[in-house]
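As a plain string of letters, each chain reads:
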Amino acid sequence: MESGKIPNKFLGVRNNKIYMDLKLIIREHALQFLPAKSLFKFRGVCRDWKLIISTPFFAHNQSLSFRSLSGLFLQTPGTPSTFVSLDPNSAGIPDPALKFLPAPTNILASSNGLLCCQALSGDRAYYICNPVTSQFKKLPKPSFDHGRDPAVVLIFNPSLLNFVAEFTLVCAFRSADFDDGTEFEIYSSKTDTWTVSGEINFAAKKLVPKSGVTVNDCAYWQTYNGGILAFDLVKNRSQVIHGCHYGGAGCLGEMNGKLCNGHVNGHTMIVSVISNIYSNTMQMSSHARLWDDKVRIQLSNEVFDGSVNDDLFSVLHVESDFALVLGRRNVYRFDLKTKEIKFVVEAAQFDRKGKGIPYVNSLVAL
(Lines give C-alpha, C1' and ligand atoms only; values in the text may rest on other atoms or scores of the structure.)
Protein backbone atom coordinates (compact mmCIF):
# COMPACT_ATOMS: atom_id res chain seq x y z
CA MET A 1 0.00 0.00 0.00
CA GLU A 2 1.37 3.37 -1.00
CA SER A 3 2.08 5.78 1.81
CA GLY A 4 -0.79 8.25 2.50
CA LYS A 5 -3.39 6.31 0.50
CA ILE A 6 -6.45 4.54 1.95
CA PRO A 7 -7.52 1.27 0.32
CA ASN A 8 -10.82 1.45 -1.57
CA LYS A 9 -12.37 -1.20 0.68
CA PHE A 10 -11.93 1.17 3.65
CA LEU A 11 -13.14 4.29 1.79
CA GLY A 12 -16.67 2.93 1.60
CA VAL A 13 -16.66 2.20 5.33
CA ARG A 14 -15.36 5.66 6.18
CA ASN A 15 -17.81 7.44 3.84
CA ASN A 16 -20.68 5.42 5.25
CA LYS A 17 -19.62 6.34 8.79
CA ILE A 18 -19.44 10.04 7.82
CA TYR A 19 -22.89 9.77 6.27
CA MET A 20 -24.31 8.08 9.37
CA ASP A 21 -22.70 10.64 11.68
CA LEU A 22 -24.07 13.51 9.58
CA LYS A 23 -27.51 11.90 9.53
CA LEU A 24 -27.39 11.54 13.31
CA ILE A 25 -26.36 15.17 13.80
CA ILE A 26 -29.17 16.41 11.54
CA ARG A 27 -31.71 14.16 13.21
CA GLU A 28 -30.70 14.92 16.78
CA HIS A 29 -29.91 18.63 16.49
CA ALA A 30 -30.72 20.43 13.23
CA LEU A 31 -34.28 19.15 12.68
CA GLN A 32 -35.68 20.70 15.85
CA PHE A 33 -34.77 24.18 14.58
CA LEU A 34 -37.04 23.84 11.53
CA PRO A 35 -40.68 25.03 11.16
CA ALA A 36 -43.49 22.47 11.31
CA LYS A 37 -44.24 22.40 7.57
CA SER A 38 -40.64 21.48 6.76
CA LEU A 39 -40.71 18.74 9.38
CA PHE A 40 -43.82 17.18 7.87
CA LYS A 41 -41.92 17.00 4.57
CA PHE A 42 -38.87 15.44 6.24
CA ARG A 43 -41.00 12.63 7.64
CA GLY A 44 -40.82 11.19 4.12
CA VAL A 45 -37.01 10.98 4.11
CA CYS A 46 -36.89 7.63 5.89
CA ARG A 47 -38.71 5.56 8.48
CA ASP A 48 -36.34 6.60 11.28
CA TRP A 49 -36.94 10.31 10.67
CA LYS A 50 -40.70 9.78 10.51
CA LEU A 51 -40.66 8.03 13.88
CA ILE A 52 -38.41 10.64 15.47
CA ILE A 53 -40.42 13.64 14.22
CA SER A 54 -43.67 12.00 15.36
CA THR A 55 -42.60 11.57 18.99
CA PRO A 56 -43.86 13.91 21.75
CA PHE A 57 -40.27 14.39 22.91
CA PHE A 58 -39.23 15.77 19.51
CA ALA A 59 -42.30 18.04 19.35
CA HIS A 60 -41.39 19.38 22.78
CA ASN A 61 -37.80 20.10 21.75
CA GLN A 62 -38.94 21.79 18.54
CA SER A 63 -41.27 24.09 20.48
CA LEU A 64 -38.31 25.06 22.66
CA SER A 65 -35.88 25.59 19.80
CA PHE A 66 -37.92 27.15 17.00
CA ARG A 67 -39.12 30.69 17.78
CA SER A 68 -38.86 32.47 14.40
CA LEU A 69 -41.88 34.28 12.99
CA SER A 70 -43.41 32.16 10.24
CA GLY A 71 -46.17 34.43 9.01
CA LEU A 72 -49.36 36.31 9.85
CA PHE A 73 -52.95 35.22 10.34
CA LEU A 74 -55.41 37.63 8.72
CA GLN A 75 -59.14 37.87 9.22
CA THR A 76 -61.79 40.38 8.29
CA PRO A 77 -65.01 40.44 10.37
CA GLY A 78 -67.36 37.60 9.53
CA THR A 79 -64.94 35.75 7.22
CA PRO A 80 -62.67 32.71 7.69
CA SER A 81 -59.06 33.41 8.57
CA THR A 82 -56.19 33.13 6.09
CA PHE A 83 -52.47 32.66 6.63
CA VAL A 84 -49.70 34.58 4.87
CA SER A 85 -46.41 32.70 5.14
CA LEU A 86 -43.09 34.52 5.08
CA ASP A 87 -41.66 31.40 3.40
CA PRO A 88 -44.40 29.24 1.83
CA ASN A 89 -41.93 26.42 1.07
CA SER A 90 -40.97 25.87 4.71
CA ALA A 91 -43.74 27.30 6.91
CA GLY A 92 -47.45 26.85 6.46
CA ILE A 93 -50.77 25.80 7.99
CA PRO A 94 -52.80 22.79 6.74
CA ASP A 95 -56.12 24.45 7.66
CA PRO A 96 -55.77 28.28 7.80
CA ALA A 97 -59.54 28.68 8.31
CA LEU A 98 -59.29 26.58 11.53
CA LYS A 99 -62.24 24.39 10.54
CA PHE A 100 -61.16 21.82 13.12
CA LEU A 101 -62.54 24.06 15.87
CA PRO A 102 -66.13 23.31 17.01
CA ALA A 103 -67.41 26.72 15.88
CA PRO A 104 -66.43 29.64 13.61
CA THR A 105 -64.04 31.88 15.53
CA ASN A 106 -62.24 35.19 15.55
CA ILE A 107 -58.45 34.95 16.06
CA LEU A 108 -57.46 37.32 18.86
CA ALA A 109 -53.83 36.65 19.80
CA SER A 110 -50.91 34.24 19.52
CA SER A 111 -47.82 33.19 21.45
CA ASN A 112 -45.01 30.80 20.41
CA GLY A 113 -47.17 28.51 18.28
CA LEU A 114 -50.50 28.81 20.10
CA LEU A 115 -53.51 30.83 18.99
CA CYS A 116 -56.30 32.31 21.09
CA CYS A 117 -59.66 32.33 19.30
CA GLN A 118 -63.17 33.32 20.36
CA ALA A 119 -66.39 31.78 19.03
CA LEU A 120 -68.45 34.23 17.00
CA SER A 121 -71.79 33.14 18.45
CA GLY A 122 -73.37 31.35 21.39
CA ASP A 123 -71.45 31.78 24.63
CA ARG A 124 -68.45 33.21 22.65
CA ALA A 125 -66.15 30.67 24.26
CA TYR A 126 -62.39 31.04 24.13
CA TYR A 127 -60.29 28.35 22.45
CA ILE A 128 -56.53 27.88 22.62
CA CYS A 129 -55.25 25.84 19.69
CA ASN A 130 -52.25 24.78 17.65
CA PRO A 131 -53.27 25.17 13.99
CA VAL A 132 -50.51 22.80 12.84
CA THR A 133 -51.63 19.79 14.90
CA SER A 134 -55.34 20.75 15.13
CA GLN A 135 -55.19 20.30 18.91
CA PHE A 136 -57.36 22.69 20.91
CA LYS A 137 -58.61 23.40 24.42
CA LYS A 138 -61.90 25.11 25.24
CA LEU A 139 -61.53 27.43 28.21
CA PRO A 140 -64.13 27.61 30.97
CA LYS A 141 -66.55 30.51 30.88
CA PRO A 142 -65.06 33.68 32.41
CA SER A 143 -66.75 35.51 35.26
CA PHE A 144 -67.56 38.59 33.15
CA ASP A 145 -68.77 39.22 29.63
CA HIS A 146 -65.70 40.40 27.70
CA GLY A 147 -67.69 41.59 24.68
CA ARG A 148 -67.53 40.60 21.02
CA ASP A 149 -64.08 42.02 20.30
CA PRO A 150 -62.06 41.70 23.52
CA ALA A 151 -58.49 42.91 23.93
CA VAL A 152 -56.48 39.86 25.01
CA VAL A 153 -52.86 38.86 25.41
CA LEU A 154 -51.80 35.21 25.28
CA ILE A 155 -48.64 34.37 27.21
CA PHE A 156 -46.92 31.05 26.50
CA ASN A 157 -43.23 30.50 27.20
CA PRO A 158 -42.15 26.91 26.43
CA SER A 159 -40.44 25.26 29.38
CA LEU A 160 -37.87 22.47 29.32
CA LEU A 161 -39.63 20.55 32.10
CA ASN A 162 -43.25 21.02 31.01
CA PHE A 163 -44.29 18.75 28.13
CA VAL A 164 -47.84 20.11 28.23
CA ALA A 165 -48.15 23.78 27.39
CA GLU A 166 -48.82 26.04 30.37
CA PHE A 167 -50.20 29.41 29.33
CA THR A 168 -51.89 32.53 30.62
CA LEU A 169 -54.61 34.58 28.94
CA VAL A 170 -55.07 38.21 30.01
CA CYS A 171 -58.23 40.03 28.95
CA ALA A 172 -58.82 43.77 29.33
CA PHE A 173 -62.51 44.59 28.96
CA ARG A 174 -64.94 47.46 29.44
CA SER A 175 -66.40 47.45 32.93
CA ALA A 176 -70.17 46.97 33.22
CA ASP A 177 -70.21 48.50 36.71
CA PHE A 178 -67.88 51.50 36.38
CA ASP A 179 -68.23 54.13 33.66
CA ASP A 180 -65.07 54.49 31.53
CA GLY A 181 -63.43 51.72 33.54
CA THR A 182 -61.28 48.92 32.12
CA GLU A 183 -61.09 45.73 34.16
CA PHE A 184 -58.83 42.70 33.84
CA GLU A 185 -59.55 38.99 34.03
CA ILE A 186 -56.78 36.38 33.85
CA TYR A 187 -56.98 32.71 32.94
CA SER A 188 -54.28 30.26 34.09
CA SER A 189 -53.94 26.83 32.51
CA LYS A 190 -52.24 25.57 35.69
CA THR A 191 -55.44 25.93 37.68
CA ASP A 192 -57.88 25.98 34.74
CA THR A 193 -59.61 28.97 36.32
CA TRP A 194 -60.25 32.65 35.70
CA THR A 195 -59.25 35.29 38.25
CA VAL A 196 -60.68 38.80 38.30
CA SER A 197 -58.14 41.48 39.17
CA GLY A 198 -59.09 44.16 41.67
CA GLU A 199 -57.38 46.73 39.42
CA ILE A 200 -59.58 49.12 37.42
CA ASN A 201 -58.14 51.64 34.98
CA PHE A 202 -60.17 54.76 34.17
CA ALA A 203 -57.73 56.41 31.75
CA ALA A 204 -57.43 53.84 28.97
CA LYS A 205 -60.78 54.48 27.27
CA LYS A 206 -61.24 52.20 24.25
CA LEU A 207 -58.55 49.63 23.45
CA VAL A 208 -57.47 48.52 19.98
CA PRO A 209 -58.32 44.81 19.58
CA LYS A 210 -55.51 42.45 18.50
CA SER A 211 -52.88 45.05 19.44
CA GLY A 212 -51.70 43.36 22.63
CA VAL A 213 -48.16 42.18 23.37
CA THR A 214 -46.36 41.01 26.49
CA VAL A 215 -42.89 42.03 27.65
CA ASN A 216 -41.36 40.93 30.97
CA ASP A 217 -44.61 39.99 32.76
CA CYS A 218 -46.37 43.12 31.51
CA ALA A 219 -49.25 43.18 29.02
CA TYR A 220 -49.65 46.18 26.71
CA TRP A 221 -52.45 47.32 24.41
CA GLN A 222 -52.83 50.33 22.13
CA THR A 223 -55.69 52.72 22.83
CA TYR A 224 -57.64 54.63 20.21
CA ASN A 225 -56.69 57.97 21.77
CA GLY A 226 -52.97 57.38 21.16
CA GLY A 227 -51.91 55.91 24.50
CA ILE A 228 -50.77 52.47 25.59
CA LEU A 229 -52.41 50.60 28.47
CA ALA A 230 -49.90 48.63 30.56
CA PHE A 231 -50.93 45.93 33.05
CA ASP A 232 -48.27 44.43 35.33
CA LEU A 233 -49.25 40.84 36.11
CA VAL A 234 -46.86 40.58 39.05
CA LYS A 235 -47.76 43.85 40.78
CA ASN A 236 -51.40 43.73 39.63
CA ARG A 237 -51.23 47.41 38.62
CA SER A 238 -52.03 49.31 35.44
CA GLN A 239 -51.15 52.66 33.90
CA VAL A 240 -51.54 54.49 30.60
CA ILE A 241 -48.34 55.42 28.77
CA HIS A 242 -48.26 58.40 26.44
CA GLY A 243 -45.72 59.98 24.17
CA CYS A 244 -45.56 57.57 21.23
CA HIS A 245 -47.34 59.06 18.21
CA TYR A 246 -48.19 56.11 16.01
CA GLY A 247 -51.60 57.26 14.78
CA GLY A 248 -53.78 54.31 13.87
CA ALA A 249 -51.13 52.39 11.99
CA GLY A 250 -48.49 51.69 14.62
CA CYS A 251 -47.60 48.30 16.06
CA LEU A 252 -46.32 47.24 19.48
CA GLY A 253 -43.56 44.66 19.83
CA GLU A 254 -40.51 43.62 21.82
CA MET A 255 -36.97 44.69 21.05
CA ASN A 256 -34.17 43.20 23.13
CA GLY A 257 -36.40 42.75 26.16
CA LYS A 258 -38.07 46.17 25.99
CA LEU A 259 -41.42 47.38 24.70
CA CYS A 260 -41.08 48.93 21.25
CA ASN A 261 -43.33 50.67 18.77
CA GLY A 262 -43.04 50.70 15.00
CA HIS A 263 -44.73 53.34 12.86
CA VAL A 264 -44.34 55.21 9.58
CA ASN A 265 -43.90 58.97 9.66
CA GLY A 266 -43.63 60.64 6.29
CA HIS A 267 -41.04 58.74 4.25
CA THR A 268 -39.49 57.06 7.31
CA MET A 269 -40.21 53.85 9.21
CA ILE A 270 -39.31 54.43 12.88
CA VAL A 271 -38.90 51.94 15.71
CA SER A 272 -38.99 53.52 19.16
CA VAL A 273 -38.10 51.72 22.38
CA ILE A 274 -39.46 52.64 25.80
CA SER A 275 -36.61 53.90 27.99
CA ASN A 276 -38.35 54.89 31.23
CA ILE A 277 -41.91 53.73 31.79
CA TYR A 278 -42.27 56.10 34.77
CA SER A 279 -41.11 59.30 33.06
CA ASN A 280 -44.68 60.31 32.16
CA THR A 281 -45.49 60.46 35.90
CA MET A 282 -42.55 62.72 36.78
CA GLN A 283 -42.68 66.46 37.32
CA MET A 284 -42.99 68.71 34.28
CA SER A 285 -39.45 69.99 34.78
CA SER A 286 -38.01 66.48 34.40
CA HIS A 287 -35.92 65.89 31.26
CA ALA A 288 -36.34 62.11 31.34
CA ARG A 289 -37.42 60.71 27.98
CA LEU A 290 -40.08 58.05 27.72
CA TRP A 291 -39.20 56.81 24.20
CA ASP A 292 -35.94 56.59 22.27
CA ASP A 293 -35.86 56.22 18.50
CA LYS A 294 -33.61 53.21 17.90
CA VAL A 295 -34.06 52.62 14.18
CA ARG A 296 -34.98 54.92 11.30
CA ILE A 297 -35.27 53.52 7.78
CA GLN A 298 -36.07 55.62 4.73
CA LEU A 299 -38.80 54.25 2.48
CA SER A 300 -37.57 53.74 -1.06
CA ASN A 301 -39.46 54.92 -4.14
CA GLU A 302 -40.38 51.29 -4.81
CA VAL A 303 -42.04 50.99 -1.41
CA PHE A 304 -43.82 54.32 -1.71
CA ASP A 305 -45.08 53.38 -5.16
CA GLY A 306 -46.68 56.74 -5.91
CA SER A 307 -48.32 57.18 -2.48
CA VAL A 308 -48.86 60.80 -1.54
CA ASN A 309 -49.05 60.34 2.23
CA ASP A 310 -48.16 57.91 4.99
CA ASP A 311 -51.78 57.02 5.79
CA LEU A 312 -51.47 54.10 3.38
CA PHE A 313 -48.66 52.56 5.41
CA SER A 314 -48.91 50.50 8.57
CA VAL A 315 -46.49 48.36 10.56
CA LEU A 316 -47.85 44.81 10.86
CA HIS A 317 -45.14 43.37 13.09
CA VAL A 318 -41.97 44.54 14.81
CA GLU A 319 -39.31 42.73 16.85
CA SER A 320 -35.58 42.93 17.54
CA ASP A 321 -34.37 42.01 14.06
CA PHE A 322 -37.02 43.07 11.57
CA ALA A 323 -40.37 44.71 10.92
CA LEU A 324 -43.15 43.95 8.44
CA VAL A 325 -44.64 47.01 6.76
CA LEU A 326 -47.83 47.11 4.72
CA GLY A 327 -47.45 49.54 1.82
CA ARG A 328 -49.84 50.65 -0.85
CA ARG A 329 -49.65 47.41 -2.83
CA ASN A 330 -47.25 45.07 -1.06
CA VAL A 331 -45.89 43.89 2.27
CA TYR A 332 -42.17 44.48 2.86
CA ARG A 333 -39.64 43.10 5.33
CA PHE A 334 -37.41 45.77 6.91
CA ASP A 335 -34.14 44.42 8.32
CA LEU A 336 -33.53 46.60 11.38
CA LYS A 337 -29.80 45.86 11.44
CA THR A 338 -28.80 46.18 7.79
CA LYS A 339 -31.77 48.44 6.91
CA GLU A 340 -32.34 46.32 3.82
CA ILE A 341 -35.92 46.24 2.47
CA LYS A 342 -37.31 43.13 0.77
CA PHE A 343 -40.64 42.34 -0.89
CA VAL A 344 -42.68 39.67 0.94
CA VAL A 345 -46.14 39.35 -0.59
CA GLU A 346 -48.80 41.32 -2.46
CA ALA A 347 -51.13 43.26 -0.18
CA ALA A 348 -54.46 42.63 -1.86
CA GLN A 349 -55.64 40.25 0.90
CA PHE A 350 -54.75 42.56 3.78
CA ASP A 351 -57.42 44.51 5.64
CA ARG A 352 -55.86 47.93 6.21
CA LYS A 353 -58.10 48.59 9.20
CA GLY A 354 -57.31 45.27 10.83
CA LYS A 355 -54.34 43.70 12.59
CA GLY A 356 -52.25 40.76 11.51
CA ILE A 357 -51.69 38.07 14.16
CA PRO A 358 -48.03 36.90 14.13
CA TYR A 359 -47.52 33.15 14.26
CA VAL A 360 -44.65 30.72 14.94
CA ASN A 361 -44.88 27.36 13.08
CA SER A 362 -44.51 25.10 16.14
CA LEU A 363 -45.35 21.52 17.11
CA VAL A 364 -46.21 22.51 20.69
CA ALA A 365 -48.69 20.07 22.27
CA LEU A 366 -51.80 21.00 24.22
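Everything below is about the structure shown above.
The structure displayed is predicted, hence computed values, not measured ones.

By the secondary structure assignment, arginine 237 is in strand E14 (residues 237-241). Along the backbone, arginine 237 and glutamate 199 are 38 residues apart, and their C-alpha atoms lie at a distance of 6.2 Å. Arginine 237 has contacts with Glu199, Ala230, Phe231 and Asp232, leaving out every residue within four places of it along the chain.

The subject of this paragraph is the sheet that holds strand E18 (residues 291-298). With antiparallel pairing, 4 strands are arranged side by side in an open sheet as E15-E16-E17-E18. Strands at the two margins of the open sheet, each flanked by one partner only, are strand E15 (251-255) and E18. Recorded for the sheet is a direction-independent mean angle of 30° between the axes of neighbouring strands.

Moving on, we come to the packing of aromatic side chains. The description of an aromatic ring pair rests on the distance of the ring centres and on the angle between the ring planes. One pass over the structure, following the stated rule, counts 12 aromatic pairs. Judged by centre distance (6.0 Å) and plane angle (70°), the rings of tyrosine 127 and phenylalanine 136 are edge-to-face. The exposure class assigned to phenylalanine 136 is partly exposed, which follows from its relative accessible area of 35%. Residues phenylalanine 178 and phenylalanine 202 carry aromatic rings whose centres are separated by 6.3 Å and whose planes lie at 85° to one another, so their mutual orientation is edge-to-face.

The next subject is a nonpolar patch on the surface. Together, Phe57, Phe163 and Val164 make up an exposed nonpolar region whose accessible area comes to about 320 Å². Mapped onto the elements, phenylalanine 163 comes out in the loop between strand E7 (151-156) and strand E8 (167-174).

In this section: the pattern of salt bridges. Pairing of side chains with opposite charge becomes possible as their charged atoms draw close. Inspection of every chain in the model, using the stated rule, returns 8 salt bridges. The salt bridge partner of aspartate 192 is lysine 137, with a shortest N-O separation of 3.7 Å. Here the residue aspartate 192 occupies a position in the loop between strand E9 (182-188) and strand E10 (193-201), and lysine 137 occupies one in strand E6 (residues 135-138), the gap between them amounting to 55 residues. Residue classification places lysine 137 among the partly exposed positions, given a relative accessible area of 28%. Through salt bridges with shared partners, a single network forms among Arg174, Asp180 and Lys205.

What follows deals with the pairing of E10. Looking along a regular strand, one sees the side chains alternate between the two faces of the sheet. The pairing of E9 with E10 spans 6 bridges and is antiparallel. Note that in E10 the partner of glutamate 185 across the bridge is valine 196.

With that out of the way, let us pick up the pairing of strand E20 (residues 322-326). Among the 5 residues of E20, 5 are classified as buried, and the element is accordingly described as predominantly covered. Neither face of E20 is left uncovered, since the one carrying Phe322, Leu324 and Leu326 and the one carrying Ala323 and Val325 both have all their residues buried. Judged from the 4 bridges that link them, strand E19 (residues 314-318) and E20 form a sheet pairing that is antiparallel. Note that in E20 the partner of valine 315 across the bridge is valine 325. Linking E19 back to E20 in an antiparallel pair, the connection comprises 3 residues. The hairpin turn running from E20 into strand E21 (residues 330-335), its antiparallel successor, is 3 residues long.

About the cut-offs
In every chain, residue numbers begin from 1 and rise along the written sequence. Only residues with pLDDT of 70 or above have their local features reported here, since the model is predicted, and side-chain atom pairs are shown and tallied only from 80 upward, although totals for entire chains, interfaces and linings are computed over all residues. Processing note: side-chain calculations cover all non-hydrogen atoms of the structure and skip hydrogens and water entirely. Counting from the N terminus, the helices are the DSSP runs of H or I reaching at least four residues and the strands are the DSSP runs of E reaching at least two. Residue contacts follow a heavy-atom distance rule, with two residues in contact if any of their heavy atoms lie within 4.5 Å. Strand pairing follows a simple DSSP-based rule, namely that at least 2 bridges must link the two strands. Lines fitted to the C-alpha atoms define the axes, with helices restricted to the stretch that makes contact. Angles between their N-to-C directions range from 0 to 180 degrees. Planes of paired rings set the category: under 30 degrees apart is stacked, over 60 is edge-to-face and the rest tilted, where pairs are Phe, Tyr or Trp rings (Trp by its six-membered ring) whose centres lie within 6.5 Å. Buried means the residue's accessible area, taken with a 1.4 Å probe over protein chains only, is under 20% of the maximum for its type, while exposed means over 50%, and partly exposed covers the values in between. A patch consists of residues whose relative accessible area exceeds 30% and which take part in no salt bridge; residues with like charges are grouped when within 9 Å of each other, and nonpolar side chains (Val, Leu, Ile, Met, Phe, Trp, Tyr) when within 5 Å. Per-residue accessibility takes into account occlusion by the displayed protein chains alone, with areas from the Shrake-Rupley method and a 1.4 Å probe. Every case where a carboxyl oxygen of Asp or Glu lies within 4 Å of a side-chain nitrogen of Lys or Arg is listed as a salt bridge.

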